[in-house]
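Below are the chains, spelled out letter by letter.
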Amino acid sequence: MSGDRGSVAGIELLTRTSLNSLKDTNDIDASSFLWEAQPMDDRNWSCSYLRLQFKIKNLEELYDQYQQALHRGYFTVFLFVQSLLSLAHVIIILFCTQSTEAEKFVPDIFGYLGSAVLSWPLLVIVYKWKNPCMASVLAVLLVIIPDLCLPIYHTYADHTRYTMRPAFTTHTILAVYVFLPVVHNSQALLLGLTVTLCHLSVLFTITYSGSSHIYKMIIADFIYLVCVNGLGLYFRFVNEVVVRRTFLDRRACVESTLRLHFEKEQEEQLMLSILPKHIAARVKKDIRNVFQHIKLYQNEPLKKKPFSELYVEQHDMVSILYADVVNYSQLTVSLPPNKLVETLNELFGRFDEVSEERNVRGLSSWVTVTIV
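Definitions and cut-offs
Residues numbered from 1 in each chain as written. Predicted model: local features only at pLDDT ≥ 70, side-chain atom pairs only at ≥ 80, totals over all residues. Heavy atoms only, no water. 1 Å grid on protein atoms, 1.4 Å probe; cavity = no way out; pocket = protein on both sides within 12 Å on 5 of 7 lines; lining within 4 Å. Points joined across faces, edges and corners; volume = space filled by probe spheres on them. Helix = DSSP H or I, 4+ residues; strand = E, 2+ residues; numbered from the N terminus. Nonpolar A, V, L, I, M, F, W, Y, C, P; charged D, E, K, R; others polar. Phe/Tyr/Trp six-rings, centres within 6.5 Å; stacked < 30°, edge-to-face > 60°. Buried < 20%, exposed > 50% of the residue type's maximum accessible area, 1.4 Å probe, protein only. Lys NZ or Arg CZ within 6 Å of the ring centre and 35° of its normal. Expected span 1.5 Å × (residues − 1). Contact = heavy atoms within 4.5 Å. Salt bridge = Lys/Arg side-chain N within 4 Å of Asp/Glu carboxyl O. Core = buried A, V, L, I, M, F, W, Y, C linked by side-chain atoms within 4.5 Å.

Engineer: So what's going on with the layout of surface pockets? Which residues, and what values?
Structural biologist: Over the atoms rolls a probe the size of a water molecule, and in doing so it shows where empty space is left. Reported here for the second largest pocket is a volume of approximately 380 Å³. Lining the second largest pocket are 19 residues, and of these Y63, Q67, H71, V183 and R236 sit closest to its centre. Put simply, the parts of the chain that give the lining of the second largest pocket at least two residues each are α3 (60-96), α7 (166-178) and α9 (214-274). Of the residues forming the lining of the second largest pocket, the biggest block, seven residues, is contributed by α3. Classifying every residue of the lining of the second largest pocket gives seven nonpolar, six polar and six charged.

Engineer: Give a description of the packing of aromatic side chains that names residues and reports values.
Structural biologist: Per the stated rule, a full pass over the model turns up eight aromatic pairs. Here F348 and F351 contribute two aromatic rings whose centre-to-centre distance is 6.5 Å and whose plane-to-plane angle is 35°, an arrangement assigned as tilted. With F348 and F351 both in helix α12 (residues 337-357), this residue pair falls three residues apart, about one helical turn. Among the residues examined, F351 registers a relative accessible area of 25% and is labelled partly exposed. Through successive ring pairs, a cluster of aromatic residues spans F54, Y63, Y66 and F247. Sitting over the face of the ring of F54, R244 holds its NZ or CZ atom 4.8 Å from the ring centroid. Over the ring of Y63 we find R244; its NZ or CZ atom is 4.0 Å from the centre of that ring.

Engineer: Now, about α7: what can you tell me, with residues and values included?
Structural biologist: Taking 1.5 Å as the rise per residue, α7 with 13 residues should run 18 Å; its terminal C-alpha atoms sit 18 Å apart, in good agreement. Among the residues of α7, those classed as buried are P166, T169, T170, T172, I173, A175, V176 and Y177. Where the residues of α7 are buried, they touch α3, α6 (132-157), α8 (185-207) and α9.

Engineer: Lay out the pattern of salt bridges with the relevant residues and their values.
Structural biologist: Under the criterion given, the structure shown has seven salt bridges. A salt bridge links E60 to R244; the shortest N-O distance between them is 3.1 Å. You can see E60 sitting in helix α3 and its partner R244 sitting in helix α9, a full 184 residues away along the chain. Here R251 makes a salt bridge to E255, at a shortest N to O gap of 3.0 Å. One end of the pair is R251 and the other is E255, both in helix α9 and four residues apart, which spans about a single turn. Each of the two residues, R251 as well as E255, counts as buried.

Engineer: So what's going on with the nonpolar core? Which residues, and what values?
Structural biologist: Among the nonpolar cores identified, the biggest contains 33 residues, and F75, F78, L122, A139, V140, I173 and L180 are the most heavily contacted of them. Those residues in contact with L122 that sit more than four places away from it in its chain are F75, A135, L138, A139 and L142. Counting residues in hydrophobic clusters, the runner-up holds nine residues, among them L50, L59, Y63 and L248.

Dropping the structure here:
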């Protein structure tokens with residue numbers, strides 16, 4: 001058929017594909033399909049309810065791809081922030097250390113700078129290899145190795161008490177839950193608890209060693225770090241709810257736009273099938289003028305009745321062509337049904353193309369007859 005009909009068919013196919021993406025399920029209440037038309041309530045912000053909607057609409061795969069793209073962005077931000085923190089740490093060491101003790105902190109400088117430099121190749125694992133779990137584990141290792149190894153080194157190498165506070169651990173734990181591209185909450189929890197136990201071991205053996213209140217301080221830090229892990233999990237759940245809700249709202253907006261374009265194309269095709277193109281343009285212009293008048297002058301009546309004008313034109317010379325398929329009855333017997341339909345479709349499609357090229361108005365088409 002003609003190009004306009006093909007574009008309309010494409011829009012219709014895309015729209016119907018989007019609207020028919022709901023899966024046929026017999027064990028789910030039909031009212032759950034009407035969630036977008038219902039007023040907002042607490043249920044629409046429930047994580048379990050949103051997951052159910054994604055399952056019904058078969059959107060989990062698209063959501064995973066969307067989440068991976070978000071996590072890659074978060075991970076890039078994390079590497080940038082971590083590099084700035086490492087650089088700031090090194091600058092503080094250089095400016096706050098006396099020249100006589102500068103040699104003691106050479107491992108600190110190389111440790112934090114090396115951690116910052118080695119973290120950037122992890123982007124290759126995330127973007128190219130598409131292995132966010134491995135990148136997350138390596139990122140955690142690069143962050144906690146300086147925090148764990150440097151206190152041990154200073155304690156046993158130069159017998160200097162190197163104090164590490166829970167703030168170091170808080171930064172790493174929050175990075176696990178917020179920035180790292182960890183897909184599942186269970187994986188994030190496992191990484192967070194691993195970081196917690198590693199830092200608690202250093203606090204117990206190095207920072208609080210020899211203190212009379214070591215167990216009280218360890219218990220207090222343990223409770224604090226568990227609360228930090230809980231805060232990280234809470235953030236992930238809230239973030240999942242927000243992202244899923246935004247995803248569904250965006251999808252509904254796209255579907256509404258497709259419906260609108262489809263209906264507009266349907267109206268255009270209906271009008272052009274009845275009226276010539278230039279007459280249809282005049283009709284649409286009058287319709288727009290009526291609405292603009294109502295919008296600007298709400299209380300003022302129209303000067304003339306809408307559509308009172310006759311959209312007719314006089315032509316002195318008119319030619320009408322009647323085209324009929326010869327021996328159509330014999331073709332219906334000799335050709336298979338699908339071949340017959342293809343032949344007629346190609347024939348009338350060529351008529352439409354030639355009519356459009358020659359600026360000829362097609363009046364009507366029947367099964368075997370075209371009038372232009």
